[in-house]
Structure formats: C-alpha cells, structure tokens
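Results of the structural survey
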Amino acid sequence: QVQLVESGGGLVQAGGSLRLSCVGSGRTFRNYAMGWFRQVPGKEREFVAAIRWNGGGTYYADPVKGRFTISRDDAKHTISLQMNNLKPEDTAVYYCVVGYYGSSWTVWVRSLNYWGQGTQVTVSS
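Everything in this summary refers to the structure shown in the same document. In this text, all values refer to a predicted model and were calculated from it rather than measured experimentally.

Parameters at a glance
Residues numbered from 1 in each chain as written. Predicted model: local features only at pLDDT ≥ 70, side-chain atom pairs only at ≥ 80, totals over all residues. Heavy atoms only, no water. Helix = DSSP H or I, 4+ residues; strand = E, 2+ residues; numbered from the N terminus. Rg over C-alpha atoms; globule rule 2.2 N^0.38 Å. Areas by Shrake-Rupley, 256 points an atom, 1.4 Å probe, with all protein chains shown as cover. Buried < 20%, exposed > 50% of the residue type's maximum accessible area, 1.4 Å probe, protein only.

We now examine the overall build of the chain. A count of helices and strands for the chain gives one helix and eleven strands. When the elements of the chain are put in sequence order from the N terminus, they spell out β-β-β-β-β-β-β-β-β-α-β-β. In summary, the chain has a C-alpha radius of gyration of 14 Å against a globular reference of 14 Å for 125 residues, a match within 12%. Per element, the accessible surface of the chain, about 6,500 Å² overall, is 45% carbon and sulfur.

Now the structure itself:
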C-alpha cells in the first residue's frame, strides 16, 4: 500500500520561507511523478509543482514560478518543496501526490493515484 507522509508546514510571515517534504513508500516510483497540490476552504485543489522520478523533469504552476523549487532524493524516496518569498495567498493545506507519468503533465494531473494527508501552511501579512 502506497503511503505519502508530508512534513514541514507551519506559520511564517510574508516574505519568509518554508520547506515541505514528502516521503513515499509502498512501491517503486519508477515512471511516476510526485508533486504538490494545495487547497483552501471552499475552493478546489490547485496544482503547485511536480517532478518526474525518471530524469527529474519539473513542472510548476504560474503563481509559484520563480519562488518555489521542487526537488527529489532518490535514495530516500523523498521530494521537497522549497518555498521562498511566501505570500498570504500561499496559505493553504498542501498535499503530496503521486501518479504514473505516461505522456504529459496535462494527463498526469488528471490521473493521480495517491494523496497524502496534507500539511498546513499559513503565511501572515
């Protein structure tokens, strides 16, 4: 059974930084991609960033480009999201996700198999 365990959320002032991590277990993630979504109450989950396990190709949502960096540690089956210059609008529950990467990121975001429990990120103004 696949498990995704997030850590690293918290409270930070605008302009500050946080680093989220997600450890995956339960299967090999070859040909998969892992990433992050976020959600605020009353709104749909929003894609943030993702990284392919093969080759390390990355994909970012426009609102976080240039501020967030996603990376992976193959040996530890871990991905991390370094979030810099945080803004109040980044406040959300952040979820780690994993899914098979077949042909494109567009397909990947629609075919996610597993989700973590989420970690709260709060950015104060």
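Here the narrative resumes, following the displayed structure.
Positive phi values are uncommon outside glycine, yet asparagine 31 reaches one of about 70°. Accessibility expressed as a relative area gives 34% for asparagine 31, which makes it partly exposed. One non-glycine residue with positive phi stands out, namely histidine 77, at about 55°. Summarising the element assignment, histidine 77 is placed in the loop between strand S7 (68–73) and strand S8 (78–83).

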